[in-house]
Amino acid sequence: MLLARLAQVSREVAATAARTRKTALLAALFRDAEPDDVPIVIPYLAGRLPQGRLGVGWKVLGRRVPPAAEPSLTVREVDARLTELGKLSGPGSQAERSRLVGALLGAATGDEQRFLLGLLTGEVRQGALDAVAVAGLAQATGADPAEVRRAVMLAGSLQPVAAALLADGPGTLDRFRLVVGRPVQPMLARTAASVTEAVGKLGACAVEEKLDGIRVQLHRDGGSVRIHTRTLDDITDRLPEVTAAALELTGERFVLDGEVISFDPAGRPRSFQETAGRVGSRVDVARAAREVPVSPVFFDALAVADRDLLDLSFAERHAELARLVPEPMRVRRTLVSGPEDVREAERFLAETLERGHEGVVVKALDAPYSAGRRGASWLKVKPVHTLDLVVLAAEWGHGRRTGWLSNLHLGARGRDGGFVMLGKTFKGLTDAMLTWQTERLRELAVADDGWVVTVRPELVVEIAYDGLQRSSRYPAGVTLRFARVVRYREDKRPEQADTVESLLAAHPEVRP
DNA sequence: TTCCGACAGTGGGGTCGCAAT
DNA sequence: ATTGCGACCCCACTATCGGAA
């Protein structure tokens, strides 16, 4: 199959807003793909490369290459070239990568170039990723979309399911069950504003501490342990002490869901930055493990022995977990019977925060494990802080925000009466707010370099954030975590904005 | 007819490791 | 030795489609 066909379909998919039409377009393409093309066409149309990331970003792709007049590239040829590119490493590899990308783009038409650039940067932006590709695959093969989706979640990715379906038809979906050693998409939580709201929605539930570390799915099969992140990357080699802990457990075969986090000698959780830095260390793992040891803390069991627990209730799954994993290696929790018992949930949240953790996750006791879903049966509750800050500048938006000033530079008042930048945010803005702020900020503009519009510091905006973290980028030495706009405060003048001093005083646990 | 679940998009900051400078 | 870049952790929120109620 020619790459041009994919580029054209991608353009059509991007051009329509209707998901049914996107699905139909993808289904038609999947039907036409030859068996050898399937492992390439499917991920391409889901906006991903089968090789994963290739070390090619905007910088490498920077220069323009004249497009070819006629399409000639086949998807298999493109895939082969990118596989070669992915193997490069060592001195000179970046220049060689750049050369290979240039050659590939030179063989592509303008349409194909756009599609390839999207794939390489991970930003195809056609309004269709895995979920729409799954629906298209179901339509192309006549399979039940829900069953295809479930198979993909259990397989961990789309490709094996696509290959099996197109080769053997819908009957093969039964093959995709939870297998110890093969990671499944993890279940995710939604946000609730308070434990009262969460318990009100869920009724009988468990309230569990939410640890601010790295989500892991651990598979043990006899003497073999594999550990995967939320995106199912294998990080086993970086976590020898977690592997050792799993081998200490009495069960021989199991799949557990939990969090990996570092505690200091006093037993307090280290900051997310410290835990993430440790888990990210790959070169001298032994040393990193000595300096910042991490602990696994589990909250769910997906399989035990040869039993798949996914469809059991959380209450039943947790009973299995408790049989297998001793207390300190399990998340702390309390059980709540329903809204009449909300004070216990509040007490537990307060205690959890006191212990230095992020918040709680409230989980319905009767819910199954919905792999890959951000379902309504897990609700996270974290304290939210707010500040009144001043807009110092704004950046022009991209995609659907083209033409709007989008990303705001936020400042707090400093000691000298000036403003100190604390970070940026583009979150929380409605289209109406984007329209309003674009107009207002243009009136206040003192400079525009085409990317950043600097403004007179007069507009006060209320910002919600989850906490402070250390920063080497911003002058105060700290920055806001997950900052988002709540509303503009036209009733406030910049002299009434919050100060860096009071911000630091409010977060004594973080020192610049 | 209205409501709401699921998705995609729009980017934020930090850290690590590698290659280039 | 330092710097720049890309990958991958953490993530909030809005708009929109289309099935559920």
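Residues numbered from 1 in each chain as written. Chains lettered and ligands numbered in written order. Predicted model: local features only at pLDDT ≥ 70, side-chain atom pairs only at ≥ 80, totals over all residues. Heavy atoms only, no water.

(A) Looking closely at the overall build of chain A. What chain A contains, in helices and strands, is 17 helices and 19 strands. For chain A, the C-alpha atoms occupy an extent of roughly 65 × 65 × 50 Å along the three principal directions. Looking at chain A residue by residue over its 512 residues, the buried ones come to 52%. Within chain A, contacts between residues separated by at least 24 positions form 70% of all contacts whose residues are at least 6 apart in sequence. Only carbon and sulfur atoms are counted for the fraction: they give 52% of the accessible area of chain A, which is about 24,200 Å². In chain A, 70 positive and 67 negative side-chain charges are present, and the distance between their average locations comes to 2 Å. (Helix = DSSP H or I, 4+ residues; strand = E, 2+ residues; numbered from the N terminus. Buried < 20%, exposed > 50% of the residue type's maximum accessible area, 1.4 Å probe, protein only. Contact = heavy atoms within 4.5 Å. Areas by Shrake-Rupley, 256 points an atom, 1.4 Å probe, with all protein chains shown as cover. Lys, Arg positive; Asp, Glu negative; His and termini not counted. Charge placed at Lys NZ, Arg CZ, Asp CG, Glu CD.)

(B) Structural context of the protein's contact with DNA strand C. For DNA strand C, the set of nearby residues contains 32 residues, the closest of which are Arg19, Thr20, Lys59, Thr231 and Arg484. Sugar and phosphate atoms represent 91% of those atoms of DNA strand C found within 4 Å of the protein. Arginine 19 has a polar side-chain atom sitting 2.7 Å from a base oxygen of DNA strand C. The contact in question runs from a phosphate oxygen of DNA strand C to an N or O atom on the side chain of threonine 231, over 2.5 Å. Mapped onto the surface near DNA strand C, the elements with two or more residues apiece are helix H2 (19-32) and strand S3 (214-221). Looking at side-chain class alone, the surface near DNA strand C contains ten nonpolar, eight polar and 14 charged residues. (Near = heavy atom within 4 Å. Polar contact = N/O pair within 3.5 Å; in protein donor to acceptor, adjacent residues only side chain to side chain. Nonpolar A, V, L, I, M, F, W, Y, C, P; charged D, E, K, R; others polar.)

(C) Molecular detail of the protein's contact with DNA strand B. The immediate surroundings of DNA strand B are formed by 44 residues, with Gly90, Arg149, Asn407, Phe426 and Tyr474 found nearest. Counted by atom, the contact set of DNA strand B within 4 Å of the protein is 88% sugar and phosphate. One nitrogen or oxygen atom from the main chain of glutamine 126 is found 3.1 Å from a phosphate oxygen belonging to DNA strand B. Within the backbone of glycine 127, a nitrogen or oxygen atom sits 2.5 Å from a phosphate oxygen of DNA strand B. When contributions to the surface near DNA strand B are tallied by element, the ones reaching two or more residues are helix H5 (93-106), helix H7 (130-141), helix H12 (272-280), strand S12 (405-413) and strand S17 (467-470). Here the residues of the surface near DNA strand B sort into ten nonpolar, 20 polar and 14 charged.

(D) Broad picture of the pattern of salt bridges. This model, assessed by the stated rule, comprises 44 salt bridges. A salt bridge links glutamate 77 to arginine 81; the shortest N-O distance between them is 3.1 Å. Of the two residues, glutamate 77 and arginine 81 both sit in helix H4 (residues 75-87), four residues apart, roughly one turn of that helix. Using a relative accessible area of 33% as the deciding quantity, one classes glutamate 77 as partly exposed. Judged by relative accessible area, arginine 81 falls into the partly exposed class, the value being 29%. Here glutamate 358 ties to lysine 382 by a salt bridge, and the two come within 3.5 Å at their closest N and O atoms. In this pair, glutamate 358 is assigned in the loop between helix H15 (342-354) and strand S9 (359-364) and lysine 382 in the loop between strand S10 (374-381) and strand S11 (385-396), connecting sequence segments 24 residues apart. By relative accessible area, which is 15% here, glutamate 358 ends up buried. (Salt bridge = Lys/Arg side-chain N within 4 Å of Asp/Glu carboxyl O.)

(E) Structural context of helix H6 (residues 110-121). Relative to the 16 Å expected for twelve residues at 1.5 Å per residue, H6 spans 17 Å between its end C-alpha atoms, a close match to the ideal helical length. Most of H6 sits out of view: nine of its twelve residues are buried. If you check which residues of H6 are buried, you get Asp111, Glu112, Gln113, Phe115, Leu116, Gly118, Leu119, Leu120 and Thr121. For H6, the secondary structure elements touched by its buried residues are helix H1 (3-15), helix H3 (38-45), H4 and H5. (Expected span 1.5 Å × (residues − 1).)

(F) Region of interest: the sheet that holds strand S1 (residues 188-191). On the basis of which strands lie adjacent, the open sheet formed by five strands has the order S1-S10-S9-S2-S8 and mixed pairing. Two strands bound the open sheet, and with one partner strand each, they are S1 and strand S8 (333-336). Neighbour-to-neighbour, the strand axes of the sheet open up by a mean angle of 35°, direction not taken into account. The pairing of strand S2 (residues 205-210) with S9 spans six bridges and is classified as antiparallel. Residue pairing for S9: cysteine 205 is matched across the bridge by alanine 364. In the packing of helix H10 (residues 195-202) onto the sheet, the strands contacted are S2, S8, S9 and S10, and the crossing angle to S10 comes to about 150°. (Pairing = 2+ DSSP bridges. Axes fitted to C-alpha atoms, helices over the stretch in contact; angles between N-to-C directions.)

(G) Local environment of the domain arrangement of chain A. Here chain A is partitioned into domain 1 (3-171), domain 2 (190-381) and domain 3 (385-510). One C-alpha centre belongs to domain 1, the other to domain 3; they are set 37 Å apart. (Domains from an automatic or database assignment.)

(H) Broad picture of the side chain of aspartate 300. Residue placement: aspartate 300 occurs in strand S6 (residues 294-304). Excluding anything up to four places from it in sequence, aspartate 300 contacts Val255, Leu256, Asp257, Phe314, Arg317, Leu321, Tyr369 and Trp378.

(I) A look at the packing of aromatic side chains. Applying the stated criterion to the full structure yields four aromatic pairs. Ring centres of tyrosine 44 and phenylalanine 115 lie 6.4 Å apart, and the angle between their planes is 70°; on these two criteria the pair is classed as edge-to-face. Taken as a pair, tyrosine 44 in helix H3 and phenylalanine 115 in helix H6 lie far apart in primary sequence, 71 residues in all. Comparing tyrosine 44 with phenylalanine 115 shows no difference in burial state: the two are buried. Both rings, one in tryptophan 436 and one in tyrosine 488, keep their centres 4.8 Å apart while their planes meet at 50°; by these two values the pair is tilted. (Phe/Tyr/Trp six-rings, centres within 6.5 Å; stacked < 30°, edge-to-face > 60°.)

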